[in-house]
Amino acid sequence: MQNQKFFSKTLLQWNDTENNRQMPWKGESDPYKIWISEIILQQTRVQQGMDYYNRFINTFPDTQSLATASEKKIYKLWEGLGYYSRCKNLIATAKFIHRELAGEFPKKYEDILALKGIGSYTASAIASFAYNQPFAVLDGNVFRVLSRFFGEEIPINTSEGKKFYGALAQSLLNKKQPGKYNQALMDFGAVICKPAAPLCSQCPFKKKCVAFLTNKVSYLPLNTKIVRIKERLFNYLVVEFENQVYVHKRKAKDIWQNLYEFILIETKKPLDEKSIAVNEEIIKILNQCDFKVKCISRKKNQKLTHQTISGQFVHLEIKQPLRNKEYFPVNQKQLKSLPFPKFIASYLADKNVSLN
Ligand code: SF4
């Protein structure tokens, strides 16, 4: 109990005297802007997220502008951020608030939590930052700081761990200034009690931090999760006819849903000119159309959280238009306006979107 009081008091003192972490959304009280920043920051580093946040807020300054914008424009702005289900949920929630709640962002924690794409962390952040309500946030920074300071060894990724650290965070929360306290704790985890090489020598907690005193800083927090990385090989067919190439909107729910892509053939080994000529899936998609392989790109790689994508782009020329309703032709200009996953966008950037 004594350590709990020391923790909360010292944290706010550190915040008032030493915390100079700057972020465009810090101190923001507009729930819409807080929501946008929190969704962007899920799975995205702060530095990378800042540009996206500024562009998003400049283009869509409120729920109404986001709810009434074209999905293509929103996804284009999101391009490169990854985890596109975040964008899908953002659109659904903006529409819901606009249509069902007359544009008013909900104020009650339970109502915020009920919105699509909003979990307990984001609901607590919005409730405490926008409305100063006493809900403690629990993100990676908070887990780490609490586990180290109190020397707790309950793994943070178990349901027991989530329950335990959630209750601890809530008991430590300064109920008079929950927004300020929550932000201070996350800032502290990001700049002092960092995952690797924390700044223990200049930390105001070091005299009472259990991990520091027992030499367990690099050991805590514990995480039992073993992430199995799936390896996938993508062959993208860039099928060209009269300076147009064929694309479609990706419907598969695994990754990149609602973004655009070329014709995808997933294989165990990379395709070469010989195997392309006899590949039954390609022959079926191209509807028996005659084609010529113009070039095959270098192999590219992209690491996602649970899978590694490697692949290549096979530029094919066909002699007549493709008769396949799944795909539609686009010219160079249209190609530039479509939202693509980073894997394809970087290929197009390398090629400078030249179709011939
Ligand atoms: S002493 Fe080190 S491990 Fe402990 S809270 Fe401070 S920075 Fe984190």
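Further up the page is the structure itself.
Report on the accompanying structure. Quantities reported herein were computed from a predicted structural model and do not represent experimental measurements.

The next thing to look at is the packing of helix H8 (residues 120–131) against helix H11 (residues 178–191). Two elements in contact, H8 and H11, have axes whose closest approach is 7 Å; the angle formed by their N-to-C orientations is 130°. What the angle tells us is that H8 and H11 run oblique. Once H8 is placed against H11, the crossing between them reads as left-handed. For the pair H8 and H11, contact is made by Tyr121, Ser124, Ser128 and Phe129 and by Pro178, Gly179, Asn182, Gln183 and Met186, respectively. The residue makeup of the contact of H8 with H11, split by class, is 4 nonpolar, 5 polar and no charged.

Turning next to helix H2 (residues 31–41). Of all 11 residues that make up H2, 10 are buried, and the element is covered over most of its length. Listing the buried residues of H2 in full gives Pro31, Tyr32, Ile34, Trp35, Ile36, Ser37, Glu38, Ile39, Ile40 and Leu41. In this structure, the buried side of H2 is in contact with helix H3 (46–59), helix H4 (63–67), helix H5 (71–78), helix H6 (85–100) and H8. Taken from the residues just after H2, glutamine 43 is the one with a positive phi, measuring 65°.

It is worth spelling out unusual backbone geometry at this point. Of note, the amide linkage connecting leucine 220 to proline 221 takes the cis form, showing an omega dihedral of 0°. On the secondary structure map, proline 221 appears in the loop between helix H12 (210–213) and strand S1 (230–241). Backbone geometry places glutamine 43, a non-glycine residue, at a positive phi of 65°. Inspection of the secondary structure assignment puts glutamine 43 in the loop between H2 and H3. With relative accessibility at 55%, the residue glutamine 43 sits in the exposed group.

This part takes up the packing of aromatic side chains. The final tally for this structure, using the stated rule, is 27 aromatic pairs. Note on phenylalanine 6 and phenylalanine 205: the rings are 6.1 Å apart at their centroids and 70° apart in plane angle, and the pair reads as edge-to-face. Separated by 199 residues along the polypeptide, phenylalanine 6 in helix H1 (residues 2–17) and phenylalanine 205 in the loop between H11 and H12 bring together distant segments of the chain. An angle of 65° between the planes, with centres 5.5 Å apart, marks the rings of phenylalanine 56 and phenylalanine 60 as edge-to-face. Judged by relative accessible area, phenylalanine 56 falls into the buried class, the value being 0%. On the basis of relative accessible area, phenylalanine 60 is assigned to the buried category, the value being 2%. Put simply, the rings of Phe234, Tyr236, Trp256, Phe262, Phe313, Phe340, Phe343 and Tyr347 touch in pairs and so form one group of aromatic residues. Directly above the aromatic system of tyrosine 52 lies the positively charged group of arginine 55, at a separation of 4.8 Å from the ring centroid. In this arrangement the basic side chain of lysine 208 is found over the ring face of phenylalanine 6, its NZ or CZ atom lying 5.0 Å from the centre.

The two faces of strand S6 (residues 300–303) differ: Lys300 and Gln302 on one face are buried, but Asn301 and Lys303 on the other face are not. Direction of pairing for S6 relative to strand S7 (residues 307–318): antiparallel, over a ladder of 4 bridges. In the strand pairing of S7, glutamine 302 is matched with isoleucine 309.

Moving on to H11. Helix length check: H11, at 14 residues, gives a terminal C-alpha distance of 20 Å against a target of 20 Å (1.5 Å per residue), a fit within 8%. Burial analysis of H11 places 11 of its 14 residues in the buried class, which makes it a mostly covered element. Among all positions in H11, only Pro178, Gly179, Tyr181, Asn182, Gln183, Ala184, Leu185, Met186, Asp187, Phe188 and Gly189 are buried.

This brings us to the environment of cysteine 295. With respect to the secondary-structure elements, cysteine 295 resides in strand S5 (residues 291–296). Residue class for cysteine 295 comes out partly exposed when judged on its relative accessible area of 36%. Put simply, cysteine 295 and valine 239 are 56 residues apart on the chain and 11 Å apart in space, counted from C-alpha to C-alpha.

Right, let's get into the pattern of salt bridges. All told, the structure shown has 12 salt bridges when counted by the stated rule. Between glutamate 79 and lysine 76 there is a salt bridge, with its nearest N and O atoms 3.0 Å apart. The exposure class of glutamate 79 is buried, given its relative accessible area of 18%. Using a relative accessible area of 28% as the deciding quantity, one classes lysine 76 as partly exposed. For the salt bridge of glutamate 266 with arginine 232, the shortest nitrogen-to-oxygen distance reads 2.8 Å. In this pair, glutamate 266 sits in strand S4 (residues 263–267) while arginine 232 sits in strand S1, placing the two residues 34 residues apart along the sequence. Residue glutamate 266 is classed as partly exposed on the basis of its relative accessible area, which comes to 36%. Bridged by salt links that share partners, the residues Arg21, Lys26 and Asp187 form one connected network.

Reading the values: the criteria
Residues numbered from 1 in each chain as written. Predicted model: local features only at pLDDT ≥ 70, side-chain atom pairs only at ≥ 80, totals over all residues. Heavy atoms only, no water. Axes fitted to C-alpha atoms, helices over the stretch in contact; angles between N-to-C directions. Helix = DSSP H or I, 4+ residues; strand = E, 2+ residues; numbered from the N terminus. Parallel < 35°, antiparallel > 145°, perpendicular 65-115°, else oblique. Left-handed = near helix turned anticlockwise from the far one by under 90°. Contact = heavy atoms within 4.5 Å. Nonpolar A, V, L, I, M, F, W, Y, C, P; charged D, E, K, R; others polar. Buried < 20%, exposed > 50% of the residue type's maximum accessible area, 1.4 Å probe, protein only. Phe/Tyr/Trp six-rings, centres within 6.5 Å; stacked < 30°, edge-to-face > 60°. Lys NZ or Arg CZ within 6 Å of the ring centre and 35° of its normal. Pairing = 2+ DSSP bridges. Expected span 1.5 Å × (residues − 1). Salt bridge = Lys/Arg side-chain N within 4 Å of Asp/Glu carboxyl O.

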